[in-house]
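# Coordinates in review
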Amino acid sequence: CEFEDKGIREGKYTYKVVAFDSLGNESGGSLIQIDYVPLKNVIYADFNSGKEAFSGDGDWECGVPVRTAGSDPYTTLYQKEYGLFEKMKNNDGLWGTQLEGKMTGRTYSALESPEIQIPENADDSVLEFSSYNTINFVSLNSNIQFKVEVSVGGNTWTEIVGADEIMPFSKNSKWVDMEKSLKPYAGQKVKFRFIADSLKQALMSKYELGWYIDNFRVGEKTGVIKAKTGGITGRVSSGNGQDSASM
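Residues numbered from 1 in each chain as written. Predicted model: local features only at pLDDT ≥ 70, side-chain atom pairs only at ≥ 80, totals over all residues. Heavy atoms only, no water.

## Points about the overall build of the chain
Per the secondary structure count, the chain includes three helices and 18 strands. Sequence-distant contacts in the chain: of pairs separated by 6 or more residues, those separated by 24 or more amount to 75%. (Helix = DSSP H or I, 4+ residues; strand = E, 2+ residues; numbered from the N terminus. Contact = heavy atoms within 4.5 Å.)

## Details of the packing of aromatic side chains
The relative placement of two aromatic rings is captured by the distance of their centres and the angle of their planes. Within this structure, the stated rule accounts for 13 aromatic pairs. The interplanar angle of 85° and the centroid separation of 5.1 Å between the aromatic rings of F129 and F194 together place this pair among those described as edge-to-face. Here F194 lies in strand β14 (residues 189–197) and F129 lies in strand β10 (residues 125–133), a separation of 65 residues in the sequence. The exposure classification of F129 matches that of F194, with both residues buried. (Phe/Tyr/Trp six-rings, centres within 6.5 Å; stacked < 30°, edge-to-face > 60°. Buried < 20%, exposed > 50% of the residue type's maximum accessible area, 1.4 Å probe, protein only.)

## Brief notes about the nonpolar core
Residues F192 and F216 are the most contacted members of the largest nonpolar core, which totals 37 residues. Among the secondary structure elements, those contributing two or more residues to this core are β4 (41–45), β10, β11 (145–152), β12 (157–161), α3 (163–166), β13 (175–181), β14 and β15 (211–220). Once residues lying within four places of it in the same chain are set aside, the contact partners of F216 are I43, Y44, A45, F47, F54, S113, I116, L127, E128, F129, F192 and F194. Of all hydrophobic cores here, the second largest spans eleven residues; its members include A69, M88, L99 and L209. (Core = buried A, V, L, I, M, F, W, Y, C linked by side-chain atoms within 4.5 Å.)

## Some words on unusual backbone geometry
The residue A53 is not glycine, and still its phi comes out positive at about 70°. As for its placement among the helices and strands, A53 is situated in the loop between β4 and β5 (55–56). The phi dihedral of R106 falls on the positive side, at around 50°, and the residue is not glycine. Within the secondary structure, R106 is located in the loop between β7 (94–97) and β8 (108–112).

## Looking at the pattern of salt bridges
A pair can form between side chains of opposite charge whenever their charged atoms are brought close. Considering all chains together, one arrives at eight salt bridges under this definition. We note a salt bridge from D214 to K87, for which the minimum N-O separation is 2.4 Å. Pair noted here: D214 is in strand β15 and K87 is in helix α2 (residues 85–89), with a separation of 127 residues, a long-range link. Considered together, D214 and K87 belong to a single accessibility category, that of buried residues. A salt bridge links E149 to K147; the nearest nitrogen and oxygen atoms lie 3.5 Å apart. We classify K147 as partly exposed; its relative accessible area is 21%. (Salt bridge = Lys/Arg side-chain N within 4 Å of Asp/Glu carboxyl O.)

## Thoughts on the side chain of E149
Along the chain, E149 falls in strand β11. A polar contact of 2.6 Å, which involves the side chain of E149, links it to the side chain of R193. (Polar contact = N/O pair within 3.5 Å; in protein donor to acceptor, adjacent residues only side chain to side chain.)

## Here we look at the side chain of D214
Residue classification places D214 among the buried positions, given a relative accessible area of 0%. A distance of 2.4 Å separates the side chain of D214 from the side chain of K87, its partner in a polar contact. Residues contacting D214, with those up to four places away along its chain left out, are D46, F47, K87, D92, G93, L94, F129, S130 and W175.

## Quick look at the environment of N90
Tracing the backbone through its elements, the reader meets N90 in the loop between α2 and β7. Residues N90 and V64, 26 residues apart in the sequence, show an inter-C-alpha distance of 9.1 Å.

## Points about the confidence of the model for the chain
Should the pLDDT be low somewhere, the predicted coordinates at that spot are not to be read in detail. Taken over all residues, the pLDDT of the chain has a mean of 85, while the share at 70 or more is 84%. Note on residues 232–247: pLDDT under 50 across the span, and 72 contacts to partners over four residues away in sequence or across chains. (pLDDT = per-residue confidence, 0-100.)

## Considerations on the environment of D72
Assignment of secondary structure puts D72 in the loop between β6 (60–63) and α1 (76–81). Within the structure, D72 has its side chain in polar contact with the backbone nitrogen of Y74 (distance 2.9 Å).

## Quick look at the environment of Q188
When you line up the elements, Q188 lands in the loop between β13 and β14. It is 7.7 Å that separates the C-alpha atoms of Q188 and E120, two residues lying 68 residues apart in sequence. If we ignore the near neighbours within four places in the chain, the residues touching Q188 are I116, Q117, I118 and V152. A polar side-chain atom of Q188 sits 3.4 Å from the main-chain carbonyl oxygen of P184.

Take a look at the structure:
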């Protein structure tokens, strides 16, 4: 089982874990104590207040997605948009390849981050972002490709997260937290860009909404925390803009 406590601050926390059987009988419970230290961010952007110094061309737009599906939960479009409904409800900003409706065919769209200084000791530094993809991925030769690139000095761009990681069927139409080590870029200034390439695809169906990015973060790697009792371990993360502990 898993439990996540969001929005916690640095300090010591005690949790009581109680088990119930199928008849509703309750165990005595166990106490779990955790010393929590927040992760260190180099940059964090949730896009709720705007573009956050990012720049996008082509299909990339910053804002709150617009609902285009009806109320019938059995339609394909409803299912494709389902993971975006909470963003719409909470007026939660993001970057997307069109905020209303499908992305455009025969378009090469790039979303570029500001320049970021990676710490000298970058063994534990990572790039993290939340990804929502609605395109069915077949192979690296597919007509539509989503990928992430990095550049040192803004000249040559190198792929660091490929379409095979972003677009597999198991990650389709759901929010996925992506992570990539930045150890090779220790002590350097880098930029990242998110590429949505549909140059080989002339026509787009109304279900091919595209790609959405949120909660961009460069910083300390998600760590492991250990409880002082019971041998229980968990993780510390900064997903969705809030530090959290999960067990």
